[in-house]
Amino acid sequence: MAFNAALESYQEGVVAFVNSEAGRMFQAGQKEYLVIVKADGGFRVESVPSGDYYLEISSAEWVSMGNANALEEVGQGHLEATVPEISGGYLSEPLDVGVVQVELLGKLRQESVCRILI
């Protein structure tokens, strides 16, 4: 019972934040990118402004579900990264922001779709 009461209180707090001005500003500031992650783990996100970022990474793969296909989440990870000011605004070579430790939730195949929320 105590767990259910605590969970309900937490959910009410989340709803209150999401519906508040601060919550709306937070959501408006988030950006989402879909990228293909190569078999070696590399990926590229274009046109990211300079700044400090906390990346939430969710990896998914297409699976067959009868007559339809769906995305199945196979991994999650987080990374703090800094994109520096770039002279000319574009790098032709990739910027290495570090290694993302991804917790695998399923079997990872050759390539997967990666959702990056910053």
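Scroll up a little and you will see the structure.
In short, a report on the structure. Note that the structure is predicted; figures quoted are calculated from it, not measured. (Residues numbered from 1 in each chain as written. Predicted model: local features only at pLDDT ≥ 70, side-chain atom pairs only at ≥ 80, totals over all residues. Heavy atoms only, no water.)

Moving on, we get to the overall build of the protein chain. When you go through the protein chain residue by residue, the secondary structure sums to two helices and five strands. Going from N to C terminus, the protein chain has its helices and strands arranged as α-α-β-β-β-β-β. Within the protein chain, the fraction of its 118 residues that count as buried is 21%. Counting contacts in the protein chain only where the partners sit at least 6 residues apart, residues at least 24 apart contribute 65% of the total. Taken as a whole, the protein chain presents about 8,900 Å² of accessible surface, with 56% of it coming from carbon and sulfur. (Helix = DSSP H or I, 4+ residues; strand = E, 2+ residues; numbered from the N terminus. Buried < 20%, exposed > 50% of the residue type's maximum accessible area, 1.4 Å probe, protein only. Contact = heavy atoms within 4.5 Å. Areas by Shrake-Rupley, 256 points an atom, 1.4 Å probe, with all protein chains shown as cover.)

Turning our attention to the pairing of strand β2 (residues 51-65). Relative to strand β3 (residues 68-83), β2 is paired through 15 bridges, and the arrangement is antiparallel. For E56, the partnering residue across the bridge sits in β3 and is H78. Between β2 and β3, which follow one another and run antiparallel, lie two residues, and G66 among them has a positive phi close to 70°. (Pairing = 2+ DSSP bridges.)

Another aspect to go through is the nonpolar core. Grouped together as the largest cluster of nonpolar side chains are seven residues: Y53, L55, I57, L79, A81, V83 and V100. Secondary structure elements with two or more residues in this core: β2 and β3. Setting aside residues up to four positions removed in sequence, V100 forms contacts with I57, G77, H78 and L79. (Core = buried A, V, L, I, M, F, W, Y, C linked by side-chain atoms within 4.5 Å.)

Moving on: the environment of D52. You can see D52 is positioned in strand β2. Exposure remark for D52: the relative accessible area of 65% places this residue in the exposed category. For D52 and A81, which are 29 residues apart along the polypeptide, the C-alpha to C-alpha distance reads 5.9 Å. Setting aside residues no more than four positions away along its own chain, D52 makes contact with A81 and T82. Within the structure, D52 has its side chain in polar contact with the side chain of T82 (distance 2.7 Å). (Polar contact = N/O pair within 3.5 Å; in protein donor to acceptor, adjacent residues only side chain to side chain.)

No statement about biological role is implied by the geometric values presented.
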